[in-house]
Amino acid sequence: MSAYEPRILREFADRFAPWHTALLIIDMQKDFCVDGYAASKAGRPIAAAQSIIPTLATLLEAARQSGVLVCHVGFWTLEHHLSDTAPWLAQRRRATYASDRIAMEHSEGAEFIDALAPQHGEPVIRKHRYSAFKGTNLDTVLRARNIRSVVPTGVSTNVCVESSLRDAFETGFYTALPEDACASWDKALHDSTLRNVNARFGLTCNSADLINAWNGASS
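As the structure is a prediction and not an experimental result, all values here were calculated from the model.

J.: What exactly am I supposed to notice about the overall build of the chain here?
T.: A tally of regular secondary structure across the chain gives 10 helices and seven strands. Here the chain has a C-alpha radius of gyration of 17 Å; the compact-globule value for 219 residues is 17 Å, and the two agree. Among the 219 residues that make up the chain, the fraction classed as buried is 48%. Contacts spanning at least 24 positions in sequence make up 78% of the contacts within the chain whose residues lie at least 6 apart. Of the roughly 10,400 Å² of accessible surface on the chain, 50% is carried by carbon and sulfur atoms.

Set out below in structure tokens:
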């Protein structure tokens, strides 16, 4: 091995040790997860998003107990189209089960669901695009805490979760995608993202793998 080659963390437990791992809970907001709010009004099936809430709550509690950095990432659309470019607006208006009025700033729909609400001191990241890294302070927050590994969860697997995971990988973080802690309105797209991530961008796992790694490290 070259003296200049970086040392790779090969074991799962080492790669996702709690002291250098961040859990991203992405878009678990009322507009995406609760009947009667924006996504369901647009015709999006939200049963899959609702089904992962208990798993995410368990993963969140394990992260908190183990010292994993928890970041709550939420969509945040500015009024008067202040966060919309023309290409973005055009695509949002033709996207499946979407709306350009989802998660409007300061709206009830933009609030995180109660079961996964941030605690005092946990970073809240407001994003205007699919990726949690685009136009936000997330990268700065992670590097200030010496984070090396990122675990994106939430909705939707094939859009905001995948976009965030790709950007995490491309900017130098290890990534893992727990298949039971993310969801999409389309199971085929969910499964395709899992295959794509495992092929190129990180590891796929389940929430128990992460909890076992975190509990083992803290025991």
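Anyway, onward from the coordinates.
J.: Even after reading the chapter, I still don't get the environment of S164, so can you show me in this structure?
T.: Relative to the elements of secondary structure, S164 occurs in helix α8 (residues 157–170). Taking the C-alpha atoms as reference, S164 lies 9.6 Å from V151; in sequence the two are 13 residues apart. Within polar-contact distance, the side chain of S164 engages the backbone nitrogen of A132 at 2.9 Å.

J.: Whenever I open this one, the side chain of R44 confuses me. Can you help?
T.: By the element assignment, R44 lies in the loop between α3 (38–41) and α4 (47–51). Despite its burial, R44 pairs with no opposite charge; the closest candidate is D27, at 7.3 Å N-O. Separated by 3.1 Å, the side chain of R44 and the backbone oxygen of Y97 make a polar contact. Setting aside residues no more than four positions away along its own chain, R44 makes contact with F32, A39, T96, Y97, A98, S156 and W185.

J.: Explanation requested: the pattern of salt bridges in the structure shown.
T.: A side chain of one charge can pair with a side chain of the opposite charge if their charged atoms are brought near each other. Summed over the entire model, instances satisfying the criterion amount to 10 salt bridges. Linking D27 and K127 is a salt bridge whose minimum nitrogen-to-oxygen distance equals 3.1 Å. With D27 in the loop between β1 (21–26) and α2 (30–33) and K127 in strand β3 (residues 124–127), the pair connects residues that are 100 residues apart, well separated along the chain. Among the residues examined, D27 registers a relative accessible area of 1% and is labelled buried. Classification of K127 as buried rests on a relative accessible area of 0%.

J.: Looking at this model, I keep getting lost on the pairing of β3. Mind explaining?
T.: A regular strand places its side chains on the two faces of the sheet in alternate fashion. What you see with β3 is a clean split: I125 and K127 sit on the buried side and V124 and R126 on the side with no burial. Relative to β3, strand β2 (residues 69–75) runs parallel, the two being bridged by four bridges. Bridge pairing in β3 places V73 opposite I125.

J.: What is the right way to look at helix α9 (residues 187–201) in this model?
T.: For an α-helix the count is 3.6 residues per turn, leaving residues at separations of three or four pointing the same way. Relative to the 21 Å expected for 15 residues at 1.5 Å per residue, α9 spans 20 Å between its end C-alpha atoms, a close match to the ideal helical length. Of all the positions in α9, only H190, T193, L194, V197 and F201 are classed as buried. Along the long axis of α9, the arc covered by the buried residues comes to 105°, so they all point the same way. Exposed and facing more than 90 degrees away from the buried side of α9 are R195 and R200. For α9, the N-terminal cap is D186; the gap from its side-chain oxygen to the backbone nitrogen of A188 is 2.9 Å.

J.: Where do I start with helix α5 (residues 53–66) in this structure?
T.: For α5, spanning 14 residues, the distance from its first C-alpha to its last is 20 Å, which sits close to the expected 20 Å at 1.5 Å a residue. Among the residues making up α5, those that are buried are I53, L56, L59, L60, A62, A63 and S66. After α5 finishes, the residue G67 shows a positive phi value of roughly 85°.

How each quantity is defined
- Residues numbered from 1 in each chain as written.
- Predicted model: local features only at pLDDT ≥ 70, side-chain atom pairs only at ≥ 80, totals over all residues.
- Heavy atoms only, no water.
- Helix = DSSP H or I, 4+ residues; strand = E, 2+ residues; numbered from the N terminus.
- Rg over C-alpha atoms; globule rule 2.2 N^0.38 Å.
- Buried < 20%, exposed > 50% of the residue type's maximum accessible area, 1.4 Å probe, protein only.
- Contact = heavy atoms within 4.5 Å.
- Areas by Shrake-Rupley, 256 points an atom, 1.4 Å probe, with all protein chains shown as cover.
- Polar contact = N/O pair within 3.5 Å; in protein donor to acceptor, adjacent residues only side chain to side chain.
- Lys, Arg positive; Asp, Glu negative; His and termini not counted.
- Salt bridge = Lys/Arg side-chain N within 4 Å of Asp/Glu carboxyl O.
- Pairing = 2+ DSSP bridges.
- Expected span 1.5 Å × (residues − 1).
- Arc of directions from axis to C-beta.

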